[in-house]
Amino acid sequence: MAVILNISAFTGCIIWFHKLIRQPGNKLILPVILVYLAATILSFALSFALQHDYLDGLLHMIVSAIAILVFWLWTSIVIVVKYAKKGHAKFLLIGLAQTSALLIVPVAIVFLISNASFKIGG
């Protein structure tokens, strides 16, 4: 469930991102990033509400972290390729700064998992 919801959020936001990045000029991509983060959090909550056996939450968190990292990698590569061709270092740094907001969530998920207690029974 979490995988399907994350794939749908990923596909929708990647299509929107590519439409935005192909337009002439330098567009703000932060709305795409924030919508993707919100969609990932919503898909986590929805999949956790529908599937909540033991350790399902852990699986949903790992899937969400991997999906966010793949989205960050994809958008960063596209930004580097676009602005490296033109030689605009200023816009390259601005674009990478906007996508760096994605890295907060996987780090938080790693901290949550590392502090979790997986006791079964007494």
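Everything quoted here is computed from the prediction, not taken from an experiment. (Residues numbered from 1 in each chain as written. Predicted model: local features only at pLDDT ≥ 70, side-chain atom pairs only at ≥ 80, totals over all residues. Heavy atoms only, no water.)

**Quick notes on the packing of aromatic side chains**
Selection criterion: Only Phe, Tyr and Trp rings take part, Trp by its six-membered ring, and two of them pair if their centres are within 6.5 Å. Stacked means planes under 30 degrees apart, edge-to-face means over 60, and tilted covers everything else. Secondary structure elements are taken from DSSP: a helix is a run of H or I of four residues or more, a strand is a run of E of two residues or more, and numbering for both begins at the N terminus. Burial status follows relative accessibility: with a 1.4 Å probe on protein chains alone, a residue under 20% of its type maximum counts as buried, one over 50% as exposed, and anything between as partly exposed.
Inspection of the entire model under this criterion finds five aromatic pairs. Taken together, a centroid distance of 6.5 Å and an interplanar angle of 75° make the contact between F10 and Y36 edge-to-face. With a gap of 26 residues between them, F10 in helix α1 (residues 2-22) and Y36 in helix α2 (residues 30-50) connect regions that are remote in the sequence. You'll find F10 and Y36 in the same group, each marked buried. Under the relative-accessibility criterion, Y36 is labelled buried at 0%. Through pairs of rings, three or more aromatic residues link up here, namely F10, Y36, F71 and W74.

**What to know about the side chain of K82**
So the rule is basically this: We call two residues in contact whenever any of their non-hydrogen atoms come within 4.5 Å of each other.
Mapped onto the elements, K82 comes out in helix α3 (residues 56-86). Among the residues examined, K82 registers a relative accessible area of 15% and is labelled buried. Excluding its chain neighbours within four sequence positions, the residues that come into contact with K82 are I21, Q23 and G25.

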